[in-house]
4 protein chains.
Amino acid sequence: MSPAEHPDDVTPPLQGAAAGWRLRMYTVIFEADTRAGRAFDLALIGLILASVAVVVLDSMAAVHARWGSVFTVLEWTFTLIFTVEYVARLSCVRQPLRYARSPFGIIDLVAVLPTYLAILVPGLHALIDVRVLRLLRLFRILKLGAYVAEFAMLGRALAASRRKILVFMSFVLMVVTIMGTLMYVVEGPAHGFTSIPVGVYWAITTMTTVGFGDITPKTDLGRVIASLMMLLGWGTLAVPTGIVSAEFTAQRMGRTPTTRTCHECLSEGHAPDARFCRDCGAPLPAWQNDHGHQAPASGRGGS
Amino acid sequence: MSPAEHPDDVTPPLQGAAAGWRLRMYTVIFEADTRAGRAFDLALIGLILASVAVVVLDSMAAVHARWGSVFTVLEWTFTLIFTVEYVARLSCVRQPLRYARSPFGIIDLVAVLPTYLAILVPGLHALIDVRVLRLLRLFRILKLGAYVAEFAMLGRALAASRRKILVFMSFVLMVVTIMGTLMYVVEGPAHGFTSIPVGVYWAITTMTTVGFGDITPKTDLGRVIASLMMLLGWGTLAVPTGIVSAEFTAQRMGRTPTTRTCHECLSEGHAPDARFCRDCGAPLPAWQNDHGHQAPASGRGGS
Amino acid sequence: MSPAEHPDDVTPPLQGAAAGWRLRMYTVIFEADTRAGRAFDLALIGLILASVAVVVLDSMAAVHARWGSVFTVLEWTFTLIFTVEYVARLSCVRQPLRYARSPFGIIDLVAVLPTYLAILVPGLHALIDVRVLRLLRLFRILKLGAYVAEFAMLGRALAASRRKILVFMSFVLMVVTIMGTLMYVVEGPAHGFTSIPVGVYWAITTMTTVGFGDITPKTDLGRVIASLMMLLGWGTLAVPTGIVSAEFTAQRMGRTPTTRTCHECLSEGHAPDARFCRDCGAPLPAWQNDHGHQAPASGRGGS
Amino acid sequence: MSPAEHPDDVTPPLQGAAAGWRLRMYTVIFEADTRAGRAFDLALIGLILASVAVVVLDSMAAVHARWGSVFTVLEWTFTLIFTVEYVARLSCVRQPLRYARSPFGIIDLVAVLPTYLAILVPGLHALIDVRVLRLLRLFRILKLGAYVAEFAMLGRALAASRRKILVFMSFVLMVVTIMGTLMYVVEGPAHGFTSIPVGVYWAITTMTTVGFGDITPKTDLGRVIASLMMLLGWGTLAVPTGIVSAEFTAQRMGRTPTTRTCHECLSEGHAPDARFCRDCGAPLPAWQNDHGHQAPASGRGGS
């Protein structure tokens, strides 16, 4: 099985003598149990990375001037290899259309299409900036996603928490919209806040503590509001971290030590101020912490 | 019940035949159990978002020049709808004054007032910047708060921790005030630190790691102090995170990582407080951690 | 007892009739049990904050020009009040010299000294920038520390972890020194990196994600090194946070669900792949997660 | 044993009368049990720090102009001392070649080599920037690594999590590559995004919330994409922190915060799984949380 296991889009071909070559191809392409399968995977990862590197280097004017023709040749080589791979994938699964419509199938198609488009539509260069074609070619990097099982796990974890994430993010959007508008009102276009969207953009740079500095408040009131936003954005990280650490350290240090034991039932972990065992009801011996201070004798506990 | 449940400010009208239309309206407006109630909620959320979008777009000079009149018409439509909604809310609760004074009641009023003020007070545009009116209209976004139960939960969580938050924030304020004044002394107005408040503003941008860059230290001593502040601000996040992670990973690893072995089936990784092997059911030998403490023989383990 | 309890530096006067007024004064100043004690504390906190506000406002040129004389009068009032308070404190503890040498005693002295120095040493204004005197007056804010018990707790927590903090910080200093020197070598004085300390300052702004932007890498290699530093600084926060969250969520979500119950002893929280109850040894029923996938039948568990 | 314990590269010399001086030297250099051993360690740490300070100060033009000759003398002194130390280390371990090839052995060699190279290869100053030599000398700081046991622990912790870290970092690299190319397409060379690598550099400064500001988006679409990246980078820290804190606080609060009350003594705040009141020993009634789930009747509670 490939590290991504078998998503529903990829079904092995029917078993049988007639499907011999297809099954062998399937084993190599989609599964990684055999030596050939693993070699194929490694080779493909290497080709994907090399192809992305070519796209990246080709965007640098100096490098393009010197190696441009070499890159074009390499680009065509990669495109041909990826086309062969795509056709091979389609031909050895049971339901080719299903694979072609799956996320990875679409990525595989986008990986080869731009170069063909440039040929088939001669005037394309004039219409679409070559930079866009570079971007489309760069999406090949997403083919790597199939090879890392943890990415699928990460995706599932995000999906599981998606409501919490949505609520949190919508709260953040509400705050930055209000604060951005406030700064737009206070500072005004004269100081760079030319419209509410610009104010929101500034509010996001400030609350996420990125702080580009291309737009900054100049008035005193603006700086006060900015300070509030900065403390809010940074505090959203610092306050929970501090509270959790304080609790964690307190537990560890022995605010609720693990050594306070009930003599009757031997259960542990009783609070410093508890007088009776919570599991059997027997009275607990008085507790002295490591500093020699006796816990208060009062009966009422609580945080 | 609406997702926000019934806050005390919203009490259903008295039950009875005479209150028939009021009760039906109450069910639609404040509750989301029926189809009509949910449709009303969704429609209102849509209107709020559309209204906010209009305010945002209207602030962009280019868009305003082109669509200004359309926006004015839309703005009046929204204001009328929100007015009708506000009056409906007031008329179907048992204590209208109580709702009007509640937070959501005030937000509903502020949502409609600016447009009426602009009419009733003709010279208002000259006195109050149209930008302020935009800000007031934007507060409609807070009406969304009633529809997300998690916001109420978030509010309660914050309220529960408010003393800790206040202490932490006052500590931060003390630090930035002292550090800001120190930089004001060291760098001086010549380098941008024109007064203590400006120094405090700079200290906040630095400690929260925002770092706009509009004011930066130029002297060597100033840069040393700045470095201390940066390490303090970033360390407030990094040090607890690191300590908690180290503890967490240590616990996970078992401090006696995977070496607790079942003598029957040789499987590893048993919990410190487990008494039977989870794979074969055989009893596990008592476990001693590396500090020489024997795990309790009772079934209840410690933290 | 005052919220800070009694530090060793503050010992109540001897009990006795002769010490009547001293004991009464002590009760008011150092303790907060009585109405007078609490009123004194509140009044003093108010005076400290007002005094700090005066120092801050006085540093703003526009405000100083207008209210300068008022501020001077207020400053003298505060100084006299704080002097009387200081003398009162000294006179009602058993060991005045001990209090005078304690941290809070020194703060109290620094709080009043600058204003007297300005009188006693006429040429001081010429020698020491008035800004320095403002800084010294601002240290009064530290008197507030005695009123917040949590600050003492915070101090103790930091002291407990101080070795970990020192090791972490020295590691960070090593990294920024090496990286700063590397950038000094790669970019050179031409691009702003005029010496190793400047490179270290830049490395700190980058690793702590502050990113002022006053110095930025211009060469390609410099930008690569900068990218590594940024990922290192941000990753120091993100990687542990992510790992701890992943573990936490995994536990919560039911990698060890809370619903898998042993039919014999009714204990819960068994691992998905456990086959025997860890508390009584009875066999556990097979478990199916919510995706319909059956846990593997193998006996070996482990992370 | 030295704090780093004995790595495999450092093996004590054979025991025996003939190896007397070697064993004594070994005890002093590599072990810290004796007074001489500890004194040696402290002296060496002091020398390393002093040597690094000299390199750092020498890079500052003003300081170099004034103290240059003193620094040269000091530099030679340090080099000679470190050479003697290196030779001593090599001569008192059993396998000198093994130590010379170990990480610390290489660091020791690099610590002394630059100064000798400058002598042996007269034209070196012309070929290699003196800045590079400074960098090489600065690597002496890594010799400190042997003296802090926690660094070794940190290294092991990182090694244990290395797959998780690699996966996370490769995910981040994929995101910044795609986003960087997207900005290169949207903003273009006119706004500073001259090539894909520059776009990736910008994407890293934005996602890690550093935000230098040397390159900023100017178009509306570019600012929208930038906002998404900022929220993604900051959210990667904030969302897990918030979720973990919420869970942690919920557990602490008991999910039924303080309302679980003992019927006998009316104390509150009992744990969800407690069966007896910790203050009076009376049995507690079974607890139902707000979702209608009854807590298990067994003594063992769920997670």
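Residues numbered from 1 in each chain as written. Chains lettered and ligands numbered in written order. Predicted model: local features only at pLDDT ≥ 70, side-chain atom pairs only at ≥ 80, totals over all residues. Heavy atoms only, no water.

**Brief notes about the overall build of chain A**
In step 1: Each helix and strand in chain A was counted, giving eleven helices and zero strands.
In step 2: Scanning chain A from its N terminus toward the C terminus, one meets helices and strands in the order α-α-α-α-α-α-α-α-α-α-α.
In step 3: Counting across all 303 residues of chain A, residues that qualify as buried make up 46%.
In step 4: Working note: accessible area of chain A is about 14900 Å², and carbon and sulfur atoms make up 67% of it. (Helix = DSSP H or I, 4+ residues; strand = E, 2+ residues; numbered from the N terminus. Buried < 20%, exposed > 50% of the residue type's maximum accessible area, 1.4 Å probe, protein only. Areas by Shrake-Rupley, 256 points an atom, 1.4 Å probe, with all protein chains shown as cover.)

**A closer look at the nonpolar core**
In step 1: In this structure, Trp-202 of chain A, Trp-202 of chain B, Trp-202 of chain C together with Trp-202 of chain D are the most contacted members of the largest nonpolar core, which totals 120 residues.
In step 2: If near-sequence neighbours (up to four positions away) are discounted, Trp-202 of chain A is found in contact with Met-183, Phe-193, Ile-215, Thr-216, Pro-217, Ala-226 and Met-229 of chain A together with Phe-212 of chain B. (Core = buried A, V, L, I, M, F, W, Y, C linked by side-chain atoms within 4.5 Å. Contact = heavy atoms within 4.5 Å.)

**Observations regarding the pattern of salt bridges**
Oppositely charged side chains can form a pair if their charged atoms are brought close together.
All names here are of chain A.
In step 1: For the structure on display, the rule yields eight salt bridges over all chains.
In step 2: The residue Arg-89 makes a salt bridge to Asp-108 at a minimum N-O spacing of 3.9 Å. In this pair, Arg-89 is assigned in helix α3 (residues 61-92) and Asp-108 in helix α5 (residues 103-120), connecting sequence segments 19 residues apart. Considered together, Arg-89 and Asp-108 belong to a single accessibility category, that of buried residues.
In step 3: Residues joined in a network through salt bridges with shared partners are Glu-85, Arg-89 and Asp-108. (Salt bridge = Lys/Arg side-chain N within 4 Å of Asp/Glu carboxyl O.)

**Some thoughts on the UniProt feature "transmembrane region" (unreviewed entry) in chain A**
Residues and elements named next belong to chain A.
In step 1: Taken from the UniProt record, the annotation "transmembrane region" (unreviewed entry) applies to residues 42-63, 69-88, 109-128, 140-159, 166-186, 192-212 and 224-243.
In step 2: For residues 166-186, helix accounts for 100% and strand for 0%, while the C-alpha atoms at its two ends are 30 Å apart.
In step 3: Within residues 192-212, the helical portion is 57% and the strand portion 0%, while the C-alpha atoms at the span's ends are 13 Å from each other. (UniProt positions renumbered as here; feature names shortened; annotations may be inferred.)

**Focus on helix α10 (residues 196-207) of chain A**
All names here are of chain A.
In step 1: Between the first and last C-alpha of α10 there are 16 Å, a value that for twelve residues agrees with the 16 Å anticipated at 1.5 Å per step.
In step 2: The buried fraction of α10 is high, at eleven of twelve residues.
In step 3: Taken from the residues just after α10, Thr-209 is the one with a positive phi, measuring 60°. (Expected span 1.5 Å × (residues − 1).)

**Overview of the packing of helix α1 (residues 20-30) of chain A against α3 of chain A**
Residue and element names in this part refer to chain A.
In step 1: Interaxial distance between α1 and α3 falls to 9 Å at its minimum, and their mutual angle equals 125°. Of the possible angle classes, the one that applies to α1 and α3 is oblique. The crossing of α1 and α3 is left-handed. On α3, the residues touching Arg-22, Met-25, Tyr-26, Ile-29 and Phe-30 of α1 are Ala-88, Arg-89, Ser-91 and Cys-92. (Axes fitted to C-alpha atoms, helices over the stretch in contact; angles between N-to-C directions. Parallel < 35°, antiparallel > 145°, perpendicular 65-115°, else oblique. Left-handed = near helix turned anticlockwise from the far one by under 90°.)

**So, the packing of aromatic side chains**
In step 1: The full count for this structure, using the stated rule, is 20 aromatic pairs over all chains.
In step 2: The interplanar angle of 70° and the centroid separation of 6.0 Å between the aromatic rings of Trp-76 of chain B and Tyr-116 of chain B together place this pair among those described as edge-to-face. With a gap of 40 residues between them, Trp-76 of chain B in helix α3 (residues 61-92) and Tyr-116 of chain B in helix α5 (residues 103-120) connect regions that are remote in the sequence.
In step 3: The structure contains a cluster of three or more aromatic residues connected by ring pairs, namely Phe-193 and Trp-202 of chain A together with Phe-212 of chain B. (Phe/Tyr/Trp six-rings, centres within 6.5 Å; stacked < 30°, edge-to-face > 60°.)

**Focus on helix α5 (residues 103-120) of chain C**
In step 1: For α5 of chain C, spanning 18 residues, the distance from its first C-alpha to its last is 25 Å, which sits close to the expected 26 Å at 1.5 Å a residue.
In step 2: Its maximal kink placed at Leu-113 of chain C, α5 of chain C deviates by approximately 35°, while the proline Pro-114 of chain C follows within four residues. (Bend = angle between axes of the 7 residues up to and from the residue.)

**What to know about a nonpolar patch on the surface**
All names here are of chain A.
In step 1: A cluster of nonpolar side chains, contributed by Trp-67, Val-70 and Leu-74, occupies part of the molecular surface with about 250 Å² of accessible area.
In step 2: Tracing the chain through its elements places Val-70 in helix α3.
In step 3: Residue classification places Val-70 among the partly exposed positions, given a relative accessible area of 39%. (Patch = residues over 30% accessible without salt bridge, like charges linked within 9 Å, V, L, I, M, F, W, Y side chains within 5 Å.)

**Concerning the environment of Gly-155 of chain B**
In step 1: Secondary-structure assignment places Gly-155 of chain B in helix α8 (residues 149-160).
In step 2: For the pair Gly-155 of chain B and Leu-42 of chain B, spaced 113 residues apart in sequence, the C-alpha separation works out to 23 Å.

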